[in-house]
Amino acid sequence: MANHLFDALFGPHAQSNEQFLLLGDRPAMTHRAFAGLMARYAGAMRAHGVTRGDRVAVQVAKSPQALAVYGACIKCGAVLLPLNTAYTPDEIAYFVGDAEPALLLCDEAAESRLAPMAADAGATAMTLNSDGSGSFADAAAAAEPFETPAAAEAGDLAAILYTSGTTGRAKGAMLSHENLLSNAQVLRELWRFDAEDTLVHALPIFHTHGLFVAVNIALLAGARMHFLPKFDVDAIIGAIPAATAMMGVPTFYTRLLDDPRLTRELTTNMRLFISGSAPLLAETHERFEARTGHRILERYGMTETNMNTSNPYDGERRAGTVGLPLPGTEIRITDPQSGRELADGETGMIEVRGPNVFKGYWRMPEKTAEEKRENGFFITGDLGMIDPDGYLRIVGRQKDLIISGGYNIYPKEIEATLDDLPGVLESAVIAAPHADLGEGVVGVIVGEPGVQIDPEEIVGLLSGKLARFKQPRRIFVVDALPRNTMGKVQKNMLRQQYADCLQQSR
Ligand code: MCA
Ligand code: AMP
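All of these numbers come straight from a predicted model, not from anything done at the bench.

About the cut-offs
Residues numbered from 1 in each chain as written. Chains lettered and ligands numbered in written order. Predicted model: local features only at pLDDT ≥ 70, side-chain atom pairs only at ≥ 80, totals over all residues. Heavy atoms only, no water. Helix = DSSP H or I, 4+ residues; strand = E, 2+ residues; numbered from the N terminus. Rg over C-alpha atoms; globule rule 2.2 N^0.38 Å. Buried < 20%, exposed > 50% of the residue type's maximum accessible area, 1.4 Å probe, protein only. Contact = heavy atoms within 4.5 Å. Areas by Shrake-Rupley, 256 points an atom, 1.4 Å probe, with all protein chains shown as cover. Lys, Arg positive; Asp, Glu negative; His and termini not counted. Charge placed at Lys NZ, Arg CZ, Asp CG, Glu CD. Polar contact = N/O pair within 3.5 Å; in protein donor to acceptor, adjacent residues only side chain to side chain. Pairing = 2+ DSSP bridges. Axes fitted to C-alpha atoms, helices over the stretch in contact; angles between N-to-C directions. Near = heavy atom within 4 Å. Phe/Tyr/Trp six-rings, centres within 6.5 Å; stacked < 30°, edge-to-face > 60°. Nonpolar A, V, L, I, M, F, W, Y, C, P; charged D, E, K, R; others polar. Arc of directions from axis to C-beta.

Residues and numbers for the overall build of the chain, please.
Along the backbone of the chain there are 15 helices and 25 strands. Taking 23 Å as the expected radius of gyration for a compact globule of 506 residues, we find that the chain reaches 23 Å, a close match to that expectation. With the C-alpha coordinates of the chain rotated into their principal frame, the extents come out at 65 × 55 × 50 Å. For the chain, buried positions account for 58% of its 506 residues. Within the chain, contacts between residues at least 6 apart in sequence are counted, and of these 67% link residues at least 24 apart. Surface summary for the chain: the accessible area is close to 20300 Å², and the carbon and sulfur share equals 50%. Counting 47 positive and 62 negative side-chain charges, the chain places the averaged centre of each group 2 Å from the other.

Can you break down the side chain of Asn84 residue by residue, with the values?
Tracing the chain through its elements places Asn84 in the loop between strand E4 (79-82) and helix H4 (89-99). The exposure class assigned to Asn84 is buried, which follows from its relative accessible area of 3%. At 2.8 Å, the side chain of Asn84 and the backbone nitrogen of Ala86 are in polar contact. When residues no more than four places from it in sequence are discounted, the contact partners of Asn84 are Gln59, Phe206, His207, Tyr407 and Phe469.

Can you break down the sheet that holds strand E15 (residues 324-325) residue by residue, with the values?
Read from one edge of the open sheet, nine strands run E2-E1-E10-E9-E11-E12-E13-E14-E15, paired in mixed fashion. Looking along the sheet, the strands with just one partner apiece sit at the ends: strand E2 (26-30) and E15. One ladder, built from two bridges, connects strand E12 (residues 272-275) with strand E13 (residues 297-302); its direction is parallel. Within the sheet, the bridge partner assigned to Ile274 lies in E13 and is Leu297. Along the sheet face, helix H2 (residues 31-47) touches strand E1 (19-23) and E2 and points at about 75 degrees away from the line of E2. Helix H3 (residues 64-76) contacts E1, E2 and strand E10 (224-227) of the sheet and is inclined by roughly 145 degrees relative to E1.

Give me the lowdown on the site of ligand 2, citing residues and values where you can.
Residues in close proximity to ligand 2 total 16 residues, the closest being Arg299, Thr303, Asp382, Lys399 and Asn408. If ligand 2 stood free it would expose 490 Å²; the protein chains cover 93% of that surface. At the level of secondary structure, the elements contributing two or more residues to the shell around ligand 2 comprise E13 and strand E20 (392-397).

Hey, could you go over the packing of aromatic side chains for me, with residue numbers and the actual values?
Inspection of the entire model under this criterion finds 20 aromatic pairs. Ring plane angle 80 degrees and centroid distance 6.2 Å describe the contact between Tyr94 and Tyr162, whose orientation is recorded as edge-to-face. Residue Tyr94 is located in helix H4, and its partner Tyr162 is located in strand E7 (residues 157-163); the two are separated by 68 residues in the primary sequence. For Tyr162, a relative accessible area of 11% puts it in the buried group. The interplanar angle of 90 degrees and the centroid separation of 5.3 Å between the aromatic rings of Tyr253 and Phe288 together place this pair among those described as edge-to-face. Of this pair, Tyr253 sits in helix H10 (residues 250-257) while Phe288 sits in helix H11 (residues 282-292), and the two are 35 residues apart along the sequence. The exposure classification of Tyr253 matches that of Phe288, with both residues buried. Of the aromatic side chains, those joined through ring pairs into one cluster are Tyr87, Tyr94, Phe95, Tyr162, Phe206, Tyr407 and Phe469.

Which residues make up unusual backbone geometry, and what values do they have?
For Asn306, which is not glycine, the phi dihedral falls at a positive 55 degrees. Of the residues examined, Asn306 reaches a relative accessible area of 2% and is grouped as buried. Here the phi dihedral of Arg363 falls at roughly 50 degrees; this positive angle occurs in a residue that is not glycine. Relative to the assigned elements, Arg363 resides in the loop between strand E18 (360-361) and helix H12 (365-371).

Explain the environment of Arg393 residue by residue, including any values.
Tracing the sequence through the fold places Arg393 in strand E20. Put simply, Arg393 and Ala319 are 74 residues apart on the chain and 9.7 Å apart in space, counted from C-alpha to C-alpha. Non-local contacts of Arg393, meaning those with residues more than four positions away in its chain, are made with Arg318, Ala319, Gly320, Thr321, Leu383, Gly384, Met385 and Asp387. In this structure the side chain of Arg393 is engaged in a polar contact, spanning 3.1 Å, whose partner is the side chain of Asp387.

I'd like to hear about the site of ligand 1, residue by residue, with values.
Close to ligand 1 lie 25 residues, the nearest being Arg255, Ser277, Arg299, Arg468 and Arg473. Contact between ligand 1 and Arg299: an oxygen atom at 2.8 Å from a side-chain N or O atom of the residue. Those elements that provide at least two residues to the shell around ligand 1 are helix H8 (208-221), H10 and E13. By residue class, the composition of the shell around ligand 1 is ten nonpolar, ten polar and five charged.

Explain the sheet that holds strand E19 (residues 378-386) to me, and be specific about the residues and the numbers.
Sheet strands line up and pair through hydrogen bonds in the backbone, either parallel or antiparallel. Spatially, the four strands line up as an open sheet ordered E16-E17-E19-E20, and their pairing is antiparallel. Both outer strands of the open sheet, strand E16 (330-334) and E20, are each paired with one neighbouring strand and no more. Between one strand axis and the next, the sheet turns by 50 degrees as a mean value, whatever way the strands run. Relative to E19, strand E17 (residues 348-353) runs antiparallel, the two sharing four bridges. Residue pairing in the sheet places Gly348 in a bridge with Gly384 of E19.

Please set out H8 residue by residue, giving values where relevant.
Burial within H8 is extensive, with 13 of its 14 residues counted as buried. A positive backbone phi angle near 70 degrees is found at Gly222, which sits one or two residues after H8.

A description of helix H6 (residues 135-142) should follow, citing residues and the corresponding values.
Along H6, the residues classified as buried are Phe136, Ala137, Ala139 and Ala140. Relative to the axis of H6, the buried residues are bounded by an arc of 160 degrees and lie together on one face. Summarising the geometry of H6, the exposed residues directed more than 90 degrees from the buried face are Asp138, Ala141 and Ala142. Where H6 is buried, its residues touch H2, H3, strand E5 (103-106) and strand E6 (124-127).

Below is the structure:
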């Protein structure tokens, strides 16, 4: 019986004694050892009743073991639900309640808070710590390895990734085996990955970028990865001389540029630097080339669509653009109001169609219908235009979204949390330019009549409710929010007013 994604990504290497994960001072993990781990983890999942289509929610630190959980899920025909390690238990409760996983894996330190909510949702909570220990690892050691992958077809779900909404609740984007595999195949070929490659992997593995783009391509190519627990400039500088490629968000590149050790000599073995998840400033592109001789290859994607466009490998990598549609993927620009298709050169909504585009939002058919047209085009919420020679430029976003260090933050969610705090009448959350993170979160608050709001106190009240990366870096208290005649808050005015407030921040 075939398992569409597992057979292509993981199966071919099961017997290989080649190194797969380079782990700094620790011994590298071979493909064979990784395959053994996956088989035992899949055995433990099966022993706990996980079967085809079941969700497995995972909030664990990045490690080879955490990566093996991904492979084990796919092997069981289950659906991976990766969760940002920064999420608070309050935030996790929503995802667990909505996705109703069969199993929740978390760090031991979080178990006492997460286990009750898992039980409420009908899930078993087990632990997997960053060092690979925990009750799940114990169960895996005791379980019969699950050797033959469960059947899974191209259209079966492989993962659900939650992406917060501009309105209301976070939505679970359902990604099929084919969505992931087709995209990885196209990118592997386009970016020329092969078994000679060593990828510097410093991204988190709970998002599309670090998990699917980086890992799936490396697996398809039979390449190695320097599997770093997180972004650390020393570790990256240490890994680069023996590596051939790196994928990162723009903050990776600006931080590397801040380090004098980044030189042409350091990067002579490298053949490719890729950037995505947030806009790469043309200036960063140019400075990086001047310093290293490498032109960063920028690409564009979304959780719902995987990757959509990429600058070319051989042709011109054009700064300030996200390149050309990937083979098999169509991009069109439409009028945001009418949906009418616009000509090249006109600015409008970016829409995407192709085998990379997700199946829909988990248990939200009406949201799916709002954002995915009957003809298959997905309405991205990004605004752009296509140059005469086909390069896509992203010029803005229609969705109210902040991208900070590559993480998406939805102002609506922060505003709702702020508005619920005692003494807060209303709030507006905006992005301000931030030298390190690209954009930083700024909160503007109006207090209830007669109430003195203390910004410090607000910050204290937010912890526990919102992941730290979502919390405003600055909070301003004002008498009233600027509104237009329709009563709508004029965020543009606030953005102008507070444009410089994070300039000194790192
Ligand atoms: C950490 N902090 C942040 C962020 N990261 N605040 C705002 N935005 C962030 N991105 C906060 C922490 O809570 C902490 O706060 C302080 O900053 C330092 O934390 P630390 O962990 O040391 O931060 P860091 O290691 O320096 O992390 C910065 C980072 C990281 C390297 C930029 O955020 C990162 O790896 N970002 C990549 C995200 C990503 O993979 N995005 C892809 C999703 P305090 O000190 O106050 O406690 S988008 C996607 O997948 C689509 C499909 C696509 O196109 O790729
Ligand atoms: P996510 O919802 O985390 O998948 O983030 C997807 C969003 O990130 C897209 O809709 C874009 O707004 C943004 N994005 C991804 N890649 C780029 C890029 N290269 N340039 C500008 N924005 C990007």
